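Listed here are the chains, written in short residue letters.
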Amino acid sequence: MKVLSSFSPPHVMPKSYVVISLFLNTNDFFCGSLFAALMKCLNVLMNGPVIWRMLTYPPTRRALIVGCGLQMFQQLSGINTVMYYSATILQMSGVRDDKLAIWLVTVTAFTNFLFTLLGVWLVERVGRRRLTLGSIFGTVLSLCILSVGFLLSAQHSPPVTLHLTDPTTPNSSCTTHLSCEPCMLDPSCGYCYQENSTAVFASSCVPVNPASTERAAWGKCSNSTHMPDSGIWAYNFCPTSYSWVVLLGLVLYLAFFAPGMGPMPWTVNSEIYPLWARSTGNACSAGVNWTFNVLVSLTFLHMAQYLTYYGVFFLYSSLALTGFFFIYGCLPETKGRRLEEIESLFENHFARFWHSSVSKFFISSLQVIPTNCFK
């Protein structure tokens, strides 16, 4: 008796029935029992959850890692923080007028719309891989510009010149802050100041009114009417001349993010799975996207309080840089390939693909170096 032991990928599993039946004599009691047991195992594998078959089949497992990784790094680069909190970010950078902040948000939203159209034009010309890599690299640089803008504002934060106290709040933490930056990061405090054409003066850090964050609990910024001798109340911003750096960072961020990292995770996920795993693969990647969407959105303001604003955006830039290396090492080019060819791209280990990518990079780099450099 000759028995064939083989394993077929889930999408070609029915072939195993034919192979086993050819080599087993099902009339024999032992062989018949073995055949029944094998058929039962194959039925479990074939009819089991699709996600299990994807995880046990190496090409689809690697494709799922790439698809979910793209969606994860899309969110970890801070896109929904920028979209949800654009007005807040601009106010934190020193834009005082609420109406101006809202109008500036429309500039960033239009930038997102315009460069998304650019991505539609580029996707079939430069390919998914190159477009995604260029997009996330530009995103890293833009996040660094955002961080530098907030860092400059923090380093040039105006000092607290009047350390006022109120008998009703003797233990307030506001009296311990020496400049506007830590005062602004304290949710129970606000910065009250006056200014002329050149400088800030008569500034103090005082508790915020429990009923409204638009005025102080006491002092010259506690009145809702603006008297000539009343101060300017700043609850979530510091007066600074570096607001334009933050606005530039926001515009550049969306200009780089929109063509590539915005649509490409969804585009790639629609292409890298075989037909039997496509719906499950897309569902898993979308679930990862929304999970990290909620995580980033809920933690932004808390992290800004503990890490400072420039610290948060430096964190996002480091996560986006990690995503760049992930994409460079794991994402193959799917432009112009058929489904069968795309599946074969994930048959090799990621390490081999990474080695191939690095080798191609160095070879292309050497080709542009003049030959006389080696003489």
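What counts, and where the lines are drawn
- Residues numbered from 1 in each chain as written.
- Predicted model: local features only at pLDDT ≥ 70, side-chain atom pairs only at ≥ 80, totals over all residues.
- Heavy atoms only, no water.
- Buried < 20%, exposed > 50% of the residue type's maximum accessible area, 1.4 Å probe, protein only.
- Helix = DSSP H or I, 4+ residues; strand = E, 2+ residues; numbered from the N terminus.
- Pairing = 2+ DSSP bridges.
- Contact = heavy atoms within 4.5 Å.
- UniProt positions renumbered as here; feature names shortened; annotations may be inferred.
- Axes fitted to C-alpha atoms, helices over the stretch in contact; angles between N-to-C directions.
- Phe/Tyr/Trp six-rings, centres within 6.5 Å; stacked < 30°, edge-to-face > 60°.

## Focus: the pairing of strand 2 (residues 200–207)
Now for step 1: Here strand 2 lies mainly inside the structure; 6 of its 8 residues are buried.
Now for step 2: In the sheet, strand 1 (residues 189–195) pairs with strand 2 via 6 bridges, with the strands oriented antiparallel. Opposite cysteine 189, over in strand 2, you have proline 207 as the bridge partner.

## Things to note about the environment of tyrosine 84
Now for step 1: Here tyrosine 84 lies in helix 5 (residues 79–84).
Now for step 2: Classification of tyrosine 84 as partly exposed rests on a relative accessible area of 47%.
Now for step 3: Residues tyrosine 84 and serine 297, spaced 213 residues apart in sequence, show a C-alpha to C-alpha distance of 7.9 Å.
Now for step 4: Apart from the residues lying within four places of it in its own chain, the contact partners of tyrosine 84 are Asn293 and Ser297.

## With respect to the UniProt feature "transmembrane region" (unreviewed entry) in the protein
Now for step 1: Under the present numbering, the feature "transmembrane region" (unreviewed entry) in UniProt falls on residues 20–42, 63–85, 100–123, 135–154, 242–262, 283–303 and 309–331.
Now for step 2: For residues 100–123, helix accounts for 100% and strand for 0%, while the C-alpha atoms at its two ends are 35 Å apart.
Now for step 3: Secondary structure over residues 309–331 splits into 96% helix and 0% strand, and the C-alpha atoms at its two ends are 32 Å apart.

## Section: the sheet that holds strand 3 (residues 232–234)
Sheets are built from strands that pair by backbone hydrogen bonding, the pairs being arranged parallel or antiparallel.
Now for step 1: With antiparallel pairing, the 3 strands of this open sheet are ordered in space as 2-1-3. Of all strands in the sheet, those bounded by a partner on one side alone are strand 2 and strand 3. Neighbour-to-neighbour, the strand axes of this sheet turn through a mean angle of 25°, independent of strand direction.
Now for step 2: Summarising the sheet, strand 1 and strand 3 pair through 3 bridges and their orientation is antiparallel. Along strand 3, the bridge assignment pairs tyrosine 193 with isoleucine 232.

## Considerations on the environment of threonine 308
Now for step 1: Looking at the element boundaries, threonine 308 is found in the loop between helix 12 (278–307) and helix 13 (309–330).
Now for step 2: C-alpha separation for the pair threonine 308 and glutamate 181, spaced 127 residues apart in sequence, amounts to 8.9 Å.
Now for step 3: Ignoring anything within four residues of it in the chain, the contact list for threonine 308 reads Glu181, Leu185 and Met303.

## Overview of the packing of aromatic side chains
Now for step 1: If you walk through the whole model with that rule in mind, you get 12 aromatic pairs.
Now for step 2: Between the aromatic rings of phenylalanine 150 and tyrosine 309, the centroid separation amounts to 5.6 Å while the plane-to-plane angle is 40°, which identifies the pairing as tilted. Linking phenylalanine 150 in helix 8 (residues 128–155) with tyrosine 309 in helix 13, this pair joins segments that are 159 residues apart in sequence. Each member of the pair, phenylalanine 150 together with tyrosine 309, is buried.
Now for step 3: Ring centres of phenylalanine 150 and phenylalanine 313 lie 5.7 Å apart, and the angle between their planes is 0°; this geometry places the pair in the stacked category. Of the two residues, phenylalanine 150 is situated in helix 8 and phenylalanine 313 in helix 13; the sequence distance between them amounts to 163 residues.
Now for step 4: Overall, phenylalanine 150 belongs to the buried group, its relative accessible area being 4%.
Now for step 5: Three or more aromatic residues joined by ring pairs make a cluster, and in this case those are Phe150, Phe300, Tyr309, Phe313 and Tyr316.

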